[in-house]
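Given next are the chains, with one letter for each unit.
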Amino acid sequence: MKMIGEGHVGGLSQRRKQGTAVRLAGKTAFLPNADVPFVMQELTLEQIEAVPKNKFSVSLIEPINPLVLTGRASRRFGSGSMRRLQRIKALSRPHSGGGIINFVRQSPGNITTESTNGTVLYNTVISLLDQAKVNVHNLYGKNLALSHNQRDTQPKKDSGIFCPPVDEDCMTDCITKAICHFFGNNDTCKIAGKEYKLVVFCLLMHDYFIRIHILKNTTRTPFGEYLRKSVLKEREKTFTSRTFTNCANDYKKDELDFTEPDRLKIDFRTHPTSNTKPLLAAFHEIGNFFHMSDYFAHLRALQENMSKFRL
């Protein structure tokens, strides 16, 4: 194992810069801590697999060019090199704790090196998971800005799901941010200690939108189709209009409690308390995310301004 770019930097000691020394797969490695939010180092595949994915995110430093093993590289590392890389890519499937393994593109060069004993080493960046989520959200925000620029040059398509003055593109962005916040790349998310599938999350989100009266049509089918086409294009296996409808039937007994404000008083400016029932806590937490979002703050400002109109 070798640290990438070792040395005394910015007055920080070597130990402080490297993070916390641990044993991974029987070898010394370094993990981030409060003082060192990310660590760059070369690790074996076994060490990468041993990193606790409920606390840390692991990224591989990938060349800018497409990842292709040349004949020289194949001779150097053997015919199993591609299989090893495929194993690592397979690790990008989400873990229950929310760990993320992805690829960071850098300058041209091999993603792997060889240690003195012939073990293949991979250039990695390990980050605190909370920091990794922040980075994901920041990157997503930049992607949204790019998509907004593209929308400005294209004819606007509106499904008519939301009541004016809700902008469907902005609402789609807000929903996508919510799913990114709760799920990351995972198929399930944990809210108030309980795991929920994406389809249940979307059902509770729909109930919240009904509750706050921002939908023109409150029936499930058109909202499910809107989500499938505009928000969840990449999640066809975890969300379909049919699964959404079936889920709504399974949770029918809770619908009125969530959609009718007079039945349950909920302050969405706060998070649910620890003694709140699990499904209600999930509904409350989802509503809190939207209530505190930038776009909903914008909608409240519009609402306040419109209340002053004298038409």
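Residues numbered from 1 in each chain as written. Predicted model: local features only at pLDDT ≥ 70, side-chain atom pairs only at ≥ 80, totals over all residues. Heavy atoms only, no water.

Brief notes about the overall build of the protein chain
The condition that has to hold: Helix numbers and strand numbers start at the N terminus; a helix is a DSSP run of H or I with at least 4 residues, a strand a run of E with at least 2. The rule is simple: take the accessible area with a 1.4 Å probe, protein chains only, and divide by the maximum for that residue type; under 20% is buried, over 50% is exposed, in between is partly exposed. Two residues qualify as a contact provided that any one of their heavy atoms is within 4.5 Å of a heavy atom in the partner residue. The Shrake-Rupley method, run with a 1.4 Å probe sphere, supplies the accessible areas, and residue values consider only the shown protein chains as cover.
Within the protein chain one finds 12 helices and 10 strands. Taking all 311 residues of the protein chain together, the buried fraction comes to 40%. Taking contacts inside the protein chain between residues at least 6 apart in sequence as the whole, the part at least 24 apart equals 66%. Accessible surface computed for the protein chain: about 17900 Å², of which carbon and sulfur atoms make up 52%.

Quick word on the nonpolar core
One recurring pattern in soluble globular proteins is that nonpolar side chains are buried together. Put simply, the rule is: To qualify as a nonpolar core, a set must consist of buried Ala, Val, Leu, Ile, Met, Phe, Trp, Tyr and Cys residues joined through side-chain atoms within 4.5 Å.
With 46 residues, the main nonpolar core has Phe 162, Met 171, Ile 175, Phe 209 and Phe 290 as its most contacted residues. The set of elements that each furnish at least two residues to this core consists of helix 6 (168-183), strand 9 (188-191), helix 7 (198-211), helix 8 (220-231), helix 9 (241-250), helix 11 (278-291) and helix 12 (294-306). Looking at this core, the element that brings in the most residues is helix 7, giving 11 residues. Not counting residues within four places of it along the chain, the set of residues in contact with Phe 290 comprises Met 171, Cys 174, Ile 175, Ala 178, Met 205, Tyr 208, Phe 209 and Phe 296. Among the nonpolar cores identified, the runner-up in size contains 13 residues, and Leu 43, Ile 48, Phe 56 and Tyr 122 belong to it.

Structural notes on helix 11
Our working definition: An expected span of 1.5 Å times one less than the residue number is assigned to each helix.
The end-to-end C-alpha distance of helix 11, which contains 14 residues, comes to 20 Å, matching closely the 20 Å that a straight helix rising 1.5 Å per residue would cover. Of all the 14 residues making up helix 11, 11 are buried; the element is thus mostly covered by neighbouring parts of the structure. Taken as a whole, helix 11 has its buried residues at Leu 279, Ala 281, Ala 282, Phe 283, His 284, Glu 285, Ile 286, Gly 287, Asn 288, Phe 290 and His 291. Close packing links the buried residues of helix 11 with helix 6, strand 9, strand 10 (194-197), helix 7, helix 10 (255-259) and helix 12.

Things to note about the side chain of Ser 293
Operational definition: By the criterion applied in these results, polar contacts are pairs of N or O atoms within 3.5 Å in which, for protein atoms, one can donate a hydrogen and the other can accept it, and in which residues neighboring in sequence qualify only through two side-chain atoms.
Its location among the elements puts Ser 293 in the loop between helix 11 and helix 12. The exposure class assigned to Ser 293 is buried, which follows from its relative accessible area of 11%. Only 3.3 Å separates the side chain of Ser 293 from the backbone nitrogen of Phe 296, close enough to count as a polar contact.

Observations regarding the packing of aromatic side chains
This is how the line gets drawn: Under the pairing criterion, centres of Phe, Tyr and Trp rings, with the six-membered ring standing for Trp, must be within 6.5 Å; the plane angle then separates stacked pairs below 30 degrees from edge-to-face pairs above 60, leaving the rest tilted.
For the structure on display, the rule yields 19 aromatic pairs. A ring pair is formed by Phe 209 and Phe 223, whose centres lie 6.0 Å apart and whose planes are at 80 degrees; its orientation type is edge-to-face. Taken together, the positions of Phe 209 in helix 7 and Phe 223 in helix 8 put the pair 14 residues apart, joining distant regions of the chain. By relative accessible area, Phe 223 is classed as buried at 0%. Ring centres of Phe 258 and Phe 283 lie 4.4 Å apart, and the angle between their planes is 10 degrees; on these two criteria the pair is classed as stacked. Within this pair, whereas Phe 258 is found in helix 10, its partner Phe 283 is found in helix 11, the two being separated by 25 residues in sequence. The exposure class of Phe 258 is buried, given its relative accessible area of 4%.

Quick notes on the state of the cysteines
The line we're drawing: Cysteine sulfur atoms that come within 2.5 Å of each other are treated as a disulfide pair.
Inspection of the entire model under this criterion finds 0 disulfides. There is no disulfide at Cys 189, and the cysteine sulfur nearest it, in Cys 202, is 9.8 Å away. Here Cys 189 falls in the buried class, since its relative accessible area comes to 3%. Cysteine Cys 202 shares no disulfide, and the gap to the nearest cysteine sulfur, in Cys 247, comes to 9.0 Å. Exposure remark for Cys 202: the relative accessible area of 0% places this residue in the buried category.

Re the pairing of strand 9
Keep this limit in mind: Note: two strands are recorded as paired if DSSP finds a minimum of 2 bridges between them.
Residues Cys 189 and Ile 191 point to one face of strand 9 and are all buried, whereas Thr 188 and Lys 190, pointing to the other face, are not buried. The pairing of strand 9 with strand 10 spans 4 bridges and is antiparallel. By the bridge assignment for strand 10, Thr 188 is matched with Lys 197.

Some remarks on the side chain of Gln 41
Mapped onto the elements, Gln 41 comes out in strand 4 (residues 38-43). Note on Gln 41: relative accessible area 0%, which makes it buried. From its side chain, Gln 41 meets the backbone oxygen of Phe 30 in a polar contact 2.5 Å long.

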